[in-house]
Amino acid sequence: MISRITFFFLAFIFNAQGQDGIDKLRPGQLKSFGKNAVSMGDYFSAATYYDRYCKLKPKDYKVAFNLAECYRLSKDYRNAEDAYLKAYNLKPDKNALALFHYATMLKTNGNYEKADEYYTKFKKEYKGADKSDYLKLIKNNAKAAEFSKNIIQKPLKISINHLDASINTSHVEASPVYVNDSTIIYGSLKTDMNFFNFNPEDSSSNEPYRKLYKATIQENNWKDAGEFPGPFNAEGFHTTNGVFSADGKRFYFTRCKRNNKNKIICAIYVSANENGEWQQPVSLGKEVNDPQYTSSQPAVGVESKKNGEIIYFISDRTGGRGGLDIWYTAYDAKKKVYKAPSNAGSKINTVGDDITPYYDLQTHTLYFSSEGWQGLGGLDVFKTNGELKTWSPPENLGYPVNTGFDDLYYVLNKNDKEKGFFVSNRNSGDVATNKAACCDDIFSFQYLESTHFNVNGTLTEERDSVDSASAIGNIPLDKANVFLEVMNEEDSTYVPINNVVTDENGKYKMEVVPGKNYRLSVKRDGYLISTKEFTTKNQLTPNITADLSTSRIPENAIALKNIYYEYGKATLTEAAKNSIDTTLLLILNNNPELAIEMSSHTDNIGNDESNLTLSQKRAESVVNYLEAKGIDKKRLRAKGYGESQPIAPNQNKDGSDSPEGRQMNRRTEFKVIGKVRSDGTVREEKTF
């Protein structure tokens, strides 16, 4: 599969051999010139040469297929559709791959039912070694007609605006990013040239290069305000894809240049802001910027547990799923280095291109564009919650953000999540009409209804969470971590998305989005972890209150209520099991690092030896039950104490029997004895 990376930089037509006199060229020359144009990424010129060649040599099925490819890659979707079908009909057994692209062009051009028909035909006829890759793409795009109908008939309530002509030129615009509410940075090529005579063997050929520009709000309209000041734009490099770190102290961006094989290679750079001035940019290092592959389009994220800075980016390096994939590298703030990259995984990456990541730090939502997931055609914008390699299933953002065109570079205003920008090659006058368009422009958008909610509440400390009868009231708990997770609807697991610290009044607040199930977890040293679930499904108001509570890890043994056994036996009753499920099991599941001793005690009826044996078996029965419920046996210790540790008199002072005292002594307790190490062993501790 041919990657789309070229089109992030080529916004003009290279004219390696000249446009004049094309009708005078011989077939061999046309074919050669077309091949050279492809090598430079100039698919528009290549299509011109191949089209003329095919008129002279109409039976050449190989060049006919190449012509269709060039139409597609130059975003001339109408001509590509016709050319793929023609290439297939010339030689069905050799050009069966054209069926896949023909179906994709049908989909891009809005003919979804016919697209489904030809995807099916492709599956039957194509025999290539890479068939499995295409089948994965088809699987992710199954029932295109049904999907498109459902999504188009439920359009988003959104206003979309094509930016001013001072920003959107006849070339490709890309990578809008907010500096503040009234200033953005974007990538563009500011030149009046539409054709450029470029000779890759002549170093004196001054190829026009893309740069970073800024735009500001002027009279309620975005207007270009010149080059982005600073040491970022550099002669001899395409410069684009800028993004700020969360604290604003680092600016990441991409520099790209042709290598000796005429392939555009991109590398990510970073500039530090020191005393208000941006320093000379430096490369993220060879671990990230492998010179054999492209590394581009950085997006700044954060790891929820460690709050460490994560840089997501795209690359065509080995180890990916296919095409351009999303990767990530962690920034080591102490050493000021970027770790070896990891692929973000198959939850988001496909065998197609997955590109232009943008990470919303408040909701831990990754927005990206893909041709591999179910869309309306071309690149569609998707969103997923999570981090690193853990993601919820990608969701199509919907129409008319997504159309049959390429829709990418989605970004939000961090101060007003109902506003933002995206890039598209759609017709600027009518977003519903799919016409061929060569060049990407920047569009602003404004959601007309709320797309982001807030969850907030107060965390309090319970004096005794197990025995509520002895509780003496709750007090606000500060400096505690509140973790937010979103449910993966496919398997009901939870994906971490945010982490905040409670203030001096125990207050917390986080952003969430509509239509999701969430879970909150409270963590603080010396305290039990507690959880609470809530939902934003069918939520009508933008503010959700979810108060939380936790308690200290007990230093002493805690008696469990309602733990009963059959007389003289160690078998747990159903009532006892229910009591364990609703108390101790919840604590152990919420606190996977805790190890406990499960103890059982008797009164003094019977002899010491039999009581000791019975109490040991009863403690073991609780441990066995917890193991059956999924608790690791390394965390559990069973201990029977018989009648040796009474907490009340078995007899009254006058020597008569004390039923109340005996009942208190016949008890089952748990005591925290330590924490589980990373190797699975238990480190015993007396205090926490």
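Residues numbered from 1 in each chain as written. Predicted model: local features only at pLDDT ≥ 70, side-chain atom pairs only at ≥ 80, totals over all residues. Heavy atoms only, no water.

Caption draft 1: Up close: the overall build of the chain. The helix and strand inventory of the chain stands at 12 helices and 39 strands. Once the C-alpha set of the chain is aligned to its principal axes, its extents read approximately 125 × 60 × 45 Å. Residue burial in the chain is summarised as follows: out of 688 residues, 52% are buried. Put simply, 59% of the contacts in the chain that link residues at least 6 apart link residues at least 24 apart. A total of about 31,900 Å² of accessible surface is found on the chain, and carbon and sulfur atoms cover 47% of it. If you average the places of the 89 positive and of the 88 negative side-chain charges in the chain, the two averages end up 4 Å apart. (Helix = DSSP H or I, 4+ residues; strand = E, 2+ residues; numbered from the N terminus. Buried < 20%, exposed > 50% of the residue type's maximum accessible area, 1.4 Å probe, protein only. Contact = heavy atoms within 4.5 Å. Areas by Shrake-Rupley, 256 points an atom, 1.4 Å probe, with all protein chains shown as cover. Lys, Arg positive; Asp, Glu negative; His and termini not counted. Charge placed at Lys NZ, Arg CZ, Asp CG, Glu CD.)

Caption draft 2: Here's a closer look at the packing of aromatic side chains. Here the structure, examined in full by the defined rule, presents 36 aromatic pairs. Ring geometry for W222 versus F421: centroids 5.4 Å apart, planes at 75 degrees, classification edge-to-face. One end of the pair, W222, is in strand β7 (residues 221–227); the other, F421, is in strand β24 (residues 416–424), with 199 residues separating them in the sequence. With respect to burial, W222 and F421 carry one shared label: buried. Linked through ring pairs, F228, F232, F244, F251, F253, Y269 and W278 together constitute an aromatic cluster. The ring of F237 carries the charged tip of R255 above its face, separated from the ring centre by 6.0 Å. (Phe/Tyr/Trp six-rings, centres within 6.5 Å; stacked < 30°, edge-to-face > 60°. Lys NZ or Arg CZ within 6 Å of the ring centre and 35° of its normal.)

Caption draft 3: Quick peek at the state of the cysteines. What the rule picks out here adds up to 1 disulfide. Across the disulfide, C256 is cross-linked to C266 (sulfur-sulfur distance 2.1 Å). Negative torsions about the S-S bond denote left-handed disulfides, and the value of about 110 degrees found for C256 with C266 makes this one right-handed. Taken together, the residues span a long stretch of sequence, with C256 in strand β9 (residues 250–258) and C266 in strand β10 (residues 264–274) at a distance of 10 residues. (Disulfide = S-S within 2.5 Å.)

Caption draft 4: Region of the structure containing the sheet that holds strand β2 (residues 158–162). One open sheet accounts for 4 strands, arranged β2-β25-β24-β23; its pairing is antiparallel. For this open sheet the edge positions go to β2 and β23 (407–413), each flanked by a neighbour on one side alone. Ignoring strand direction, the axes of neighbouring strands in this sheet form an average angle of 25 degrees. Pairing between β23 and β24: 5 bridges, direction antiparallel. (Pairing = 2+ DSSP bridges. Axes fitted to C-alpha atoms, helices over the stretch in contact; angles between N-to-C directions.)

Caption draft 5: Structural detail: the pattern of salt bridges. Applying the stated criterion across every chain, the model contains 25 salt bridges. Note that E125 and K121 form a salt bridge whose closest N and O atoms lie 2.7 Å from each other. Here K121 and E125 lie together in helix α6 (residues 112–125), a separation of 4 residues that amounts to about one turn. Residue class for E125 comes out partly exposed when judged on its relative accessible area of 28%. With relative accessibility at 28%, the residue K121 sits in the partly exposed group. A salt bridge links R250 to D247, with the shortest nitrogen-to-oxygen separation between them at 3.8 Å. (Salt bridge = Lys/Arg side-chain N within 4 Å of Asp/Glu carboxyl O.)

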